[in-house]
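Report on the structure
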Amino acid sequence: MENIRNFCIIAHIDHGKSTLADRLLEFTKTVGERDMHDQVLDSMDLEQERGITIKSHAIQMDYLHEGNAFKLNLIDTPGHVDFSYEVSRSIAACEGALLIIDATQGIQAQTISNLYLAIEHDLEIIPVLNKMDLPNAMPEAVEEQIIDLIGCDHEDIIHASGKTGEGVEKILEQIIHKIPAPKGDPEAPLQALIFDSVFNSFRGIIAYFKITNGQIRKKDLVKFVATKKEYYADEVGVLKLGLEPKDVLGPGDVGYIISGIKTAKEVKVGDTITHVKNPCEIAIDGFEEVKPMVFAGVYPIDAEDYEELRYAMDKLQLNDASLTFEPESSAALGFGFRCGFLGMLHMEIIQERLDREFDMNVITTVPNVSYKAHLTDGSTITVYNPSGMPASTTIQEIDEPYIRANIITASEFIGPVMNLCLDKRGELISQNYLTAERAELVFNIPLGEIVFDFYDKLKSISKGYASFDYHMNGYKPAKLVRLDILLNGEMVDALSTLIHFDNATSFGRRMCEKLKELIPRQQFDIAIQAAIGAKIIARETVKAVRKDVTAKCYGGDITRKRKLLEKQKKGKKRMKQVGNVEVPQKAFLAVLKLD
Ligand code: GTP
């Protein structure tokens, strides 16, 4: 145990976490030159292409330091707010953290919130100033920020570069000297924290854990506390570049277990593994069920592909337990699924995987959050779809989810950032200057207001000089109303939205105007109306086309006529028939395009 060091890396996206990890793996010869390719840790295709870490990983390095052999376990963490629970569990499995900060950028929102998590878990922090090879590095200014934040000395901050390898040896030295060895009692009942799991098509689910007490051996009968399921440990071992089986693992060890588990749902991040005989009395603290935060309808473009879509969703869920879905039908879109995602990036990833791994062509409706509706009969229901909100006469109160948003921005953009947050019904909690040029703003904002365009707007008003991170912060009552859209008197369920009462009229008007632009003229007039309950609050009309499309084909040129009809038919494929009106798919996302 004295020669084990468990650490993670805290960094904002693109500050160079994966690159620096690669250098550590090279330096300790964990990865031979032959196997070295950029970002070894990012194993999923999509991760490599997008250059972001989606899942956590772990890898053990052997390092000989002053004649002593050390085992260094690097637990890599996902770098995006959607996956912050996984980050918190990875942090809980470590005794120390490398705090990596891009010397050209300085501290960003993601860095701060994960750093606070690490400090909460009493991790030893090793500050590293990365990308020192770049000419625009500003070591002095960024060092001041780091000192302000964690109260270290200048000498404690390591200058490094994932590009040149500068500082890598120093980092390893500090990991050994500063990070405490894990503690734990090998004789105590087994307690191991699951911090991640991956799906392997040959071996099923592989769960990654860190042992806090006790020992685990091959063939042991173990129990997962939260799910109450029991399994035989078919194989246990440590994580090198591949899996390395071992007979026994003890306190402080980071390892894996394979036990015939078929689906990701059975293994919950944050759960505790113990023995069936002689179990631990209490589970490791901090377990939470991760809940989806953002919901959207996913429909096949071709109605015939529904079963195929279900198959694809089932497959995706095997290795991504945070994806939820249930069948849903929409009068406008037919049969599909209402899916739950951890956040917007997660939703995009699923959409991309459906396309890439299953060749599924889907249409996704506008994302929304979940609401709690307290009804006049005293019951409370959770609503995942605006069109599922009961009639306003039966509702006593609607509660919506809030987030606590941390935004770090250059001082010159404070005004516009404030306005954006206030516009999104945010409440300012605090504002403090990190340096004369940079400030941290903390807001309480309804999650529903940020799900679609908040992040894009923040980036554009700050010219990219603002970073953003958030955490869920409970529910609060809101004056929300359901706004429906009617086409020629018929309600289109897929276009309903829940909107704050004060904004409803202007929103309804803008929706009608946008739809008028997006819905092509047809043989008859189309009335577009926005309504709250029975009350119509806005109206536009798409005027009928007078000419027949084929009319301009003079005379009997049949091939030309056919071509035109074919063209029209193709155009139709991307249309949905709603009542007697044809609605193009992009109209279902109209709300995202409002000015
Ligand atoms: P996420 O996985 O998204 O959190 O990103 P990351 O923090 O792992 O960043 P990554 O290692 O992917 O690096 C981001 C970009 O910075 C890449 O284009 C790297 O090539 C580049 N980069 C990383 N470290 C250095 C460095 O020390 N110097 C220079 N010049 N570029 C670097």
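Cut-off values and rules
Residues numbered from 1 in each chain as written. Predicted model: local features only at pLDDT ≥ 70, side-chain atom pairs only at ≥ 80, totals over all residues. Heavy atoms only, no water. Axes fitted to C-alpha atoms, helices over the stretch in contact; angles between N-to-C directions. Helix = DSSP H or I, 4+ residues; strand = E, 2+ residues; numbered from the N terminus. Parallel < 35°, antiparallel > 145°, perpendicular 65-115°, else oblique. Contact = heavy atoms within 4.5 Å. Nonpolar A, V, L, I, M, F, W, Y, C, P; charged D, E, K, R; others polar. Salt bridge = Lys/Arg side-chain N within 4 Å of Asp/Glu carboxyl O. Buried < 20%, exposed > 50% of the residue type's maximum accessible area, 1.4 Å probe, protein only. UniProt positions renumbered as here; feature names shortened; annotations may be inferred. Polar contact = N/O pair within 3.5 Å; in protein donor to acceptor, adjacent residues only side chain to side chain. Phe/Tyr/Trp six-rings, centres within 6.5 Å; stacked < 30°, edge-to-face > 60°. Lys NZ or Arg CZ within 6 Å of the ring centre and 35° of its normal.

Packing of helix 1 (residues 17–27) against helix 6 (residues 168–178) leaves a shortest axis separation of 10 Å and a crossing angle of 80 degrees. The orientation of helix 1 relative to helix 6 falls into the category roughly perpendicular. Judged by residue contacts, L20, R23, L24 and F27 of helix 1 engage V168, E169, I171 and L172 from helix 6. Class assignment for the residues of the contact of helix 1 with helix 6 results in six nonpolar, no polar and two charged.

Scanning all chains against the criterion turns up 20 salt bridges. Here E235 ties to R203 by a salt bridge, and the two come within 2.6 Å at their closest N and O atoms. In this pair, E235 is assigned in strand 12 (residues 235–239) and R203 in the loop between strand 7 (191–200) and strand 8 (204–213), connecting sequence segments 32 residues apart. You can call R203 partly exposed: its relative accessible area is 36%. A salt bridge links K268 to E289; its shortest N-O distance comes to 3.1 Å.

Another aspect to go through is the UniProt feature "binding site: GTP" (unreviewed entry) in the protein chain. When the UniProt feature table is mapped onto this chain, "binding site: GTP" (unreviewed entry) is found at D14, H15, G16, K17, S18, T19, N130, K131, M132 and D133. Turning to its location among the elements, G16 is positioned in the loop between strand 1 (4–11) and helix 1. Not counting chain neighbours up to four residues away, the residues in contact with G16 comprise N130 and K131. Inspection of the secondary structure puts K131 in the loop between strand 5 (124–130) and helix 5 (139–150). For K131, a relative accessible area of 23% puts it in the partly exposed group. The residues contacting K131, other than those within four sequence positions of it, are D14, H15, G16, D102, A137, A160 and S161. In terms of polar contacts, K131 uses its side chain to reach the backbone carbonyl oxygen of D14, at 2.8 Å.

All right, on to the packing of aromatic side chains then. When we look at a pair of aromatic rings, we describe it by the centre distance and by the angle of the planes. For the structure on display, the rule yields 10 aromatic pairs. Residues F27 and Y63 carry aromatic rings whose centres are separated by 6.5 Å and whose planes lie at 55 degrees to one another, so their mutual orientation is tilted. Taken together, the positions of F27 in helix 1 and Y63 in strand 2 (residues 57–65) put the pair 36 residues apart, joining distant regions of the chain. Judged by relative accessible area, F27 falls into the partly exposed class, the value being 35%. Taking 5.6 Å as the distance between ring centres and 35 degrees as the angle between the ring planes, the aromatic pair formed by F468 and Y470 counts as tilted. For F468, a relative accessible area of 9% gives the class buried. Of the residues examined, Y470 reaches a relative accessible area of 11% and is grouped as buried. Every member of this aromatic cluster is reached through a ring pair, and the members are Y306, F325, F335 and F337. The ring of Y475 is capped by K372, whose NZ or CZ atom sits 4.0 Å from the centre of that ring.

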